[in-house]
Amino acid sequence: MYEFLFNRLLVSVNKILVNFFVFFRYLKGEIPLRTQITMNSRIGRKTILGNKSIINNSNLSSETKIGINCRVGHSTLSGKVKVGNYTTINKSIIIGRLNPINIGKYCSIAPDVYITDINHNLKRRTTHFMYKYLDVIDKIDELKSNGGVEIGNDVWIGKSSIILSGITIGDGAVIAAGSIVTKDVEPYSVVAGIPAQLIKKRFNDNIIKKLIKEKWWNLSIQELTKKEKKFFDEID
């Protein structure tokens, strides 16, 4: 009984200290005043947060960088993770332990997505991460990686998808729900399945070339606001 109460007290004290630390970073100007962080979130000491972003009930490590106007909810971003402006991440886990995970602007990441740069080593006697308990095993040798993950701009990743290490996903691509991506995805492609396979291209080659050259995601909100309505209509 006393042990349970003591543990609950430690949890409460830890939450208070974390919230105080976040408040102190606000005072120092390290976190923009218009950026919102809920009480249940954990922010690393060197985490970079863009203006007007909302961090809700999430854990962000010190190496994580979040752009402006992002939404991160009920998610864990650990290691070398960089998120572009206006991207939304919901109930997902993103791990960049050995290599960076770069996510572009205006991306939509659905719940239960898992993105990682590491994997278990199948060539050892055990696939277990035993370096946590045995000093004789080198952590770097224990983890396997094919490299970082590059996710372009305006990418939609459906619910419960998995993106493995060393993968590049092009601008405008769509990853269908439940897919496991084991190879690169070209711009404006729609892929699905285990492993993910090309289903179709969103547009014809000429339109894709035009969109890639246009790079509308680099325009400011003010510039986009000035566009005519047809700019946002369906493309034939």
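Counting from 1, residues in each chain are numbered in the order their sequence is written. Local features in a predicted model are, by the rule used here, given only for residues with pLDDT of at least 70; side-chain atom pairs are given and counted only at 80 or more, and totals for whole chains, interfaces and linings are based on all residues. Each side-chain value is worked out from all heavy atoms of the structure, with water and hydrogens disregarded.

Asks: Before we go on, may I ask you to explain the pairing of strand β19 (residues 189-192) in this structure?
Replies: Side-chain direction in a regular strand flips from residue to residue, so the side chains alternate between the two faces of the sheet. Strand pairing is assigned whenever DSSP detects at least two bridges linking the two strands. Secondary structure counts use DSSP, requiring at least four H or I residues in a row for a helix and at least two E residues in a row for a strand, with both numbered from the N terminus. The pairing of strand β17 (residues 174-175) with β19 spans 2 bridges and is parallel. Residue pairing in the sheet places valine 174 in a bridge with valine 190 of β19. As paired elements, β19 and strand β20 (residues 197-201) share 4 bridges and run antiparallel to each other. In the sheet register, valine 190 faces β20, and the bridge partner there is lysine 200. Connecting β19 to the next strand, β20, in antiparallel fashion are 4 residues, including glycine 193 with a positive phi near 105°.

Asks: Looking at this model, I keep getting lost on the confidence of the model for the protein chain. Mind explaining?
Replies: As a general rule, the predicted coordinates of low-pLDDT regions are not to be interpreted in detail. Residues with a pLDDT of 70 or more make up 83% of the protein chain, whose mean pLDDT is 87. Values of pLDDT, the confidence the predictor places in each residue, fall between 0 and 100. In what follows, a contact means two residues having at least one pair of non-hydrogen atoms within 4.5 Å. Low pLDDT, under 50, characterises residues 9-14; the predicted model gives this stretch 1 contact beyond four residues in sequence or across chains.

Asks: What's the story with the packing of aromatic side chains in this structure? I'm lost.
Replies: Aromatic ring pairs: the centre-centre distance and the angle between the two ring planes describe each pair. Paired rings are identified among Phe, Tyr and Trp, the last through its six-membered ring, by centres lying within 6.5 Å, and are further divided according to the angle between planes into stacked (under 30 degrees), edge-to-face (over 60) and tilted (the rest). Overall, the coordinates contain 5 aromatic pairs when judged by the stated rule. Both rings, one in tyrosine 188 and one in phenylalanine 203, keep their centres 5.9 Å apart while their planes meet at 55°; by these two values the pair is tilted. Of this pair, tyrosine 188 sits in the loop between β18 (180-181) and β19 while phenylalanine 203 sits in the loop between β20 and α3 (205-214), placing them 15 residues apart in sequence. One exposure class covers both tyrosine 188 and phenylalanine 203, and it is buried. When the centroid spacing of 5.7 Å and the interplanar angle of 70° are considered together, the rings of tryptophan 216 and tryptophan 217 count as edge-to-face. Ring pairing ties together the aromatic residues Tyr86, Tyr106, Trp216 and Trp217, which thus form one cluster. Three exposure classes are used, based on accessible area relative to the maximum for each residue type with a 1.4 Å probe and protein chains only: buried under 20%, partly exposed in between, and exposed over 50%.

Asks: Please explain the pairing of strand β10 (residues 93-103) as it appears in this structure.
Replies: Of the pairings in the sheet, the one linking strand β8 (residues 76-83) to β10 comprises 7 bridges and is parallel in character. What sits directly across from valine 81, in β10, is isoleucine 101. The pairing of β10 with strand β12 (residues 114-116) spans 3 bridges and is parallel. Its bridge partner being in β12, isoleucine 95 is matched across the sheet by threonine 116.

Asks: Before we go on, may I ask you to explain the layout of surface pockets in this structure?
Replies: A water-sized probe, rolled over the atoms, reveals where empty space remains. The space that makes up the largest pocket amounts to roughly 490 Å³. Taken together, 16 residues form the lining of the largest pocket, with Leu211, Glu214, Phe231, Asp233 and Ile235 sitting closest to its centre. Counting residues per element, the lining of the largest pocket draws most heavily on α3, at 4 residues. Residue composition of the lining of the largest pocket, grouped by class: 9 nonpolar, no polar and 7 charged. Taken as a whole, the second largest pocket spans an internal volume of roughly 220 Å³. Lining the second largest pocket are 14 residues, and of these Asn119, His120, Lys144, Asn146 and Ser165 sit closest to its centre. Throughout this entry, Asp, Glu, Lys and Arg are counted as charged residues, while Ala, Val, Leu, Ile, Met, Phe, Trp, Tyr, Cys and Pro are counted as nonpolar. The remaining residues, Gly among them, count as polar. The residue makeup of the lining of the second largest pocket, split by class, is 4 nonpolar, 8 polar and 2 charged. We place a 1 Å grid over just the protein atoms. Points where a 1.4 Å probe fits but has no way out form a cavity, open points with protein on both sides within 12 Å along at least 5 of 7 lines form a pocket, and any residue with an atom within 4 Å of a point lines it. Grid points are joined across faces, edges and corners, and a volume is the space filled by probe spheres set on the points.

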